[in-house]
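Here is how the chains run, residue by residue.
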Amino acid sequence: DAKTTQPNSMESNEEEPVHLPCNHSTISGTDYIHWYRQLPSQGPEYVIHGLTSNVNNRMASLAIAEDRKSSTLILHRATLRDAAVYYCILRDRNTGTASKLTFGTGTRLQVTL
Amino acid sequence: NAGVMQNPRHLVRRRGQEARLRCSPMKGHSHVYWYRQLPEEGLKFMVYLQKENIIDESGMPKERFSAEFPKEGPSILRIQQVVRGDSAAYFCASSPMTRNSPLHFGNGTRLTVT
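Computed from a prediction, not measured in an experiment: that's the story for all the values here. (Residues numbered from 1 in each chain as written. Chains lettered and ligands numbered in written order. Predicted model: local features only at pLDDT ≥ 70, side-chain atom pairs only at ≥ 80, totals over all residues. Heavy atoms only, no water.)

A. Broad picture of the interface of chain A and chain B. Contact residues are listed per partner, giving 22 residues for chain A and 24 residues for chain B. Taken together, both faces of the contact between chain A and chain B bury some 1800 Å²; the carbon and sulfur share is 51%. Here chain A is connected to chain B by one salt bridge. Residue Lys100 of chain A is joined to Asp56 of chain B by a salt bridge in which the shortest nitrogen-to-oxygen separation is 3.3 Å. (Contact = heavy atoms within 4.5 Å. Buried area = accessible area lost by both parts, 1.4 Å probe. Salt bridge = Lys/Arg side-chain N within 4 Å of Asp/Glu carboxyl O.)

B. Highlighting unusual backbone geometry. Residue Pro8 of chain B is reached from Asn7 of chain B by a cis peptide bond, and omega for that bond is -5°. Along the polypeptide, Pro8 of chain B turns up in the loop between β1 (5–7) and β2 (10–13). With phi around 65°, Arg68 of chain A is a residue other than glycine that occupies positive phi space. Overall, the relative accessible area of 9% leaves Arg68 of chain A in the buried class. (Helix = DSSP H or I, 4+ residues; strand = E, 2+ residues; numbered from the N terminus. Buried < 20%, exposed > 50% of the residue type's maximum accessible area, 1.4 Å probe, protein only.)

C. Layout of the layout of surface pockets. Empty space within the largest pocket amounts to approximately 670 Å³. Considering the residues around the largest pocket, the lining is formed by 28 residues, among which Gln38, Val85 and Arg108 of chain A together with Gln37 and Glu41 of chain B are closest to the centre. Among the secondary structure elements, those contributing two or more residues to the lining of the largest pocket are β8 (84–92) and β9 (107–112) of chain A together with β5 (43–50) and β9 (88–95) of chain B. Among the residues forming the lining of the largest pocket, the class breakdown is 13 nonpolar, 10 polar and five charged. In this structure, the second largest pocket occupies an estimated 270 Å³ of space. Contributing to the lining of the second largest pocket are 14 residues, with Pro44, Glu45 and Tyr46 of chain A together with His104 and Phe105 of chain B lying nearest its centre. Those elements giving two or more residues to the lining of the second largest pocket turn out to be β4 (44–50) of chain A together with β10 (104–105) of chain B. Examining the composition of the lining of the second largest pocket, we find that three residues originate from one element, β4 of chain A, more than from any other. (1 Å grid on protein atoms, 1.4 Å probe; cavity = no way out; pocket = protein on both sides within 12 Å on 5 of 7 lines; lining within 4 Å. Points joined across faces, edges and corners; volume = space filled by probe spheres on them. Nonpolar A, V, L, I, M, F, W, Y, C, P; charged D, E, K, R; others polar.)

D. The environment of His24 of chain A, seen in detail. Residue and element names in this part refer to chain A. Topologically, His24 is positioned in the loop between β2 (18–23) and β3 (31–38). Linking His24 and Ser70, residues 46 residues apart in sequence, is a C-alpha distance of 5.4 Å. The residues touching His24, leaving out its near neighbours within four places in the chain, are Lys3, Thr4, Ile33, Arg68, Lys69, Ser70, Ser71, Cys88 and Leu90.

Okay, here's the thing in structure tokens:
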């Protein structure tokens, strides 16, 4: 599996935007970029995914670099409930549901008042 | 629309006993994945199953661990002769057959071996 690199931790103030970076310089042309997050004492939760174009949903936005070697998860207004570990994961679209997700260490986001 | 249900939420076993962890996937989902998370560590893939078939068990320890997903009923992760090192949170996820569908995770079973 192609590898992703994320900062170990980030801090944000409540109500402010948060930009969570992810580097994936060895990404292949068929890899989707997935983001999940894990709140304390809970299972991981799907956030968003994309291939080439930027994506928006009710939870977040995903900005993908033109060369696809990096991406940024954007939380538009962080709340205390967004404090979690955020995982950036590559998943080959050709294997789809036949492929597992490989979690790295993620970025621990702290949100303060 | 119920999510992925795992039970029990907490399980305590003495060394040498068996642990059975259950996972009911979301309605309409035919793919199940099991992950393990040791204290203060990341999630590690264990096994991926479809109904009555093991598709990928590359993350399963060779001994004492087994998984099944029968035609009827929940998926079961079974750990025989548990040891202290098996203490962890075990998460189950499910997805539909649709390619590239996200995984939906349960809230896990926390196994403590005393």
